[in-house]
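Understanding the architecture of this molecule
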Amino acid sequence: MKQFILTKGQYNVEFAIDHNKYCIGDNYYDKYKTVQLFKEYFLCSKESEYSKNNIGKIQFNIDNNQAHKKNTLIYFVNHNYSLTDDLKLTTKSLISKYLETLLSHDDYIDTINTINILFEAFSDEIDDEILRCNFQTFVPKLFLKQILPLYLIDQEQANEFDMSYNDIIIFQLKMINYIAQHARVENVICVIDIPELTNEINDYLIQMHSSYNIIFTNKWNCSLDIEDILLFDYKVIDLYDENKIYNLGLSKGICTLEEVKDMLKEIINEEYVKASKSIINKLKI
């Protein structure tokens, strides 16, 4: 279990996380703010003049130690992911990072070394009196320039418009999971911002033991463990923290911790999930 603390100015979010933390509730302002702070900390290279003079520097600690960007990888997953753009293998491409990690695996090192030996032999073969021809030694990252990745469905080339909502999310998660399993860093964080958490997506998240997955969602169809929930209500409460749950119960006239937890479980996993938001179904004659 890790303790994450994200702070900027007067805004503070603190929560415990094993592998998955589900950020639920209707406080969309603080949800958005939290996602943006993760992006600012890891992706923004320079603090803005406005932020420096009016708000303050952002801080992100893991177990009371500052999270160093060199020892922490972070990935952002959402349903607006463009497979077409990612297949271009730019420097920020998730597919590019996945392929680089894949090619660095021991299973492929012997093959890459053999290719380099062949190129070296070929350079000796074409050597003449005027010029010496050397080929660049191939490493996994250089191989990316020679690869044209394709996405296939039933052995047929497909694009993002052939992918379902579940497909587009799980496709990203699979690559991140492989990268996390082979990453030589202290922490891999995956921030997932999706409108609905389906059973299929959650089933895959449960298998991801090599990363810390922070899931922001507005709707879910699966049962969630109370201790894995960060509740964004009129205030943000980590439901792993039993002291906060107990104090919440006392403020509502509920005297025991177990009673509060049972009521929260019922609301979150039964009443909230089953609540119909269909306008058509509410029409009555």
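Everything quoted here is computed from the prediction, not taken from an experiment.

So, on to the overall build of the protein. Within the protein, the regular secondary structure consists of 10 helices and 14 strands. For 285 residues, the compact-globule formula gives about 19 Å, and the C-alpha radius of gyration of the protein, at 24 Å, lies well above that figure. The dimensions of the protein, computed from C-alpha atoms along their principal axes, are 95 × 55 × 35 Å. Here the protein holds 285 residues, and 41% of them are scored as buried. Entry remark: accessible area of the protein is about 18000 Å², with carbon and sulfur atoms responsible for 50%. Averaging the positions of the 29 positive and the 43 negative side-chain charges in the protein gives two centres separated by 9 Å.

Now for helix α9 (residues 242–251). Every buried residue of α9 is listed here: I245, L248 and G249. Seen end-on, α9 carries its buried residues on one side only, within an arc spanning 100 degrees. In α9, the exposed residues that point more than 90 degrees away from the buried face are N243 and S251. By the N-cap criterion, in which a side-chain oxygen at the helix start approaches the backbone nitrogen of a residue two or three places on, α9 is capped by D241, the distance to N243 being 3.0 Å. Looking one or two residues beyond α9, the residue adopting positive phi is G253, at roughly 80 degrees.

What characterises a pair of aromatic rings is the spacing of the ring centres plus the angle enclosed by the ring planes. Summed over all chains, the structure comprises 11 aromatic pairs. On the basis of an interplanar angle of 70 degrees and a centroid distance of 5.8 Å, the ring pair of F42 and F60 is categorised as edge-to-face. Here the residue F42 occupies a position in helix α1 (residues 28–43), and F60 occupies one in strand β4 (residues 59–62), the gap between them amounting to 18 residues. Looking at F42, the relative accessible area reads 13%, which means it is buried. Between F216 and F232, the ring centres sit 6.0 Å apart and the planes meet at 55 degrees, which makes this aromatic pair tilted. Here the residue F216 occupies a position in strand β11 (residues 212–216), and F232 occupies one in strand β13 (residues 229–232), the gap between them amounting to 16 residues.

To continue, consider the environment of A67. Note on placement: A67 falls in the loop between β5 (65–66) and β6 (72–78). With 26 residues separating them in the primary sequence, A67 and Y41 have C-alpha atoms 9.6 Å apart. If near-sequence neighbours (up to four positions away) are discounted, A67 is found in contact with Y41, F60, N61, I62 and T72.

Let's shift gears to the pairing of β4. Because side chains alternate across β4, one face comprises the buried residues F60 and I62, and the other comprises Q59 and N61, none of which is buried. As paired elements, β4 and β5 share 2 bridges and run antiparallel to each other. The partner of N61 across the bridge, within β5, is Q66. Between β4 and β5, which follow one another and run antiparallel, lie 2 residues, and D63 among them has a positive phi close to 50 degrees.

Once that is clear, we can look at the packing of helix α7 (residues 165–182) against helix α8 (residues 199–207). Between α7 and α8, the least distance of the axes is 10 Å, while the angle of their chain directions is 5 degrees. For the element pair α7 / α8, the angle class is roughly parallel. Two secondary-structure elements touch here, α7 through Y165, N166, I169, I170, L173, K174 and N177 and α8 through E200, I201, Y204 and L205. Tallied by class, residues from the contact of α7 with α8 come to 7 nonpolar, 2 polar and 2 charged.

Rules behind the numbers
- Residues numbered from 1 in each chain as written.
- Predicted model: local features only at pLDDT ≥ 70, side-chain atom pairs only at ≥ 80, totals over all residues.
- Heavy atoms only, no water.
- Helix = DSSP H or I, 4+ residues; strand = E, 2+ residues; numbered from the N terminus.
- Rg over C-alpha atoms; globule rule 2.2 N^0.38 Å.
- Buried < 20%, exposed > 50% of the residue type's maximum accessible area, 1.4 Å probe, protein only.
- Areas by Shrake-Rupley, 256 points an atom, 1.4 Å probe, with all protein chains shown as cover.
- Lys, Arg positive; Asp, Glu negative; His and termini not counted.
- Charge placed at Lys NZ, Arg CZ, Asp CG, Glu CD.
- Arc of directions from axis to C-beta.
- Polar contact = N/O pair within 3.5 Å; in protein donor to acceptor, adjacent residues only side chain to side chain.
- Phe/Tyr/Trp six-rings, centres within 6.5 Å; stacked < 30°, edge-to-face > 60°.
- Contact = heavy atoms within 4.5 Å.
- Pairing = 2+ DSSP bridges.
- Axes fitted to C-alpha atoms, helices over the stretch in contact; angles between N-to-C directions.
- Parallel < 35°, antiparallel > 145°, perpendicular 65-115°, else oblique.
- Nonpolar A, V, L, I, M, F, W, Y, C, P; charged D, E, K, R; others polar.

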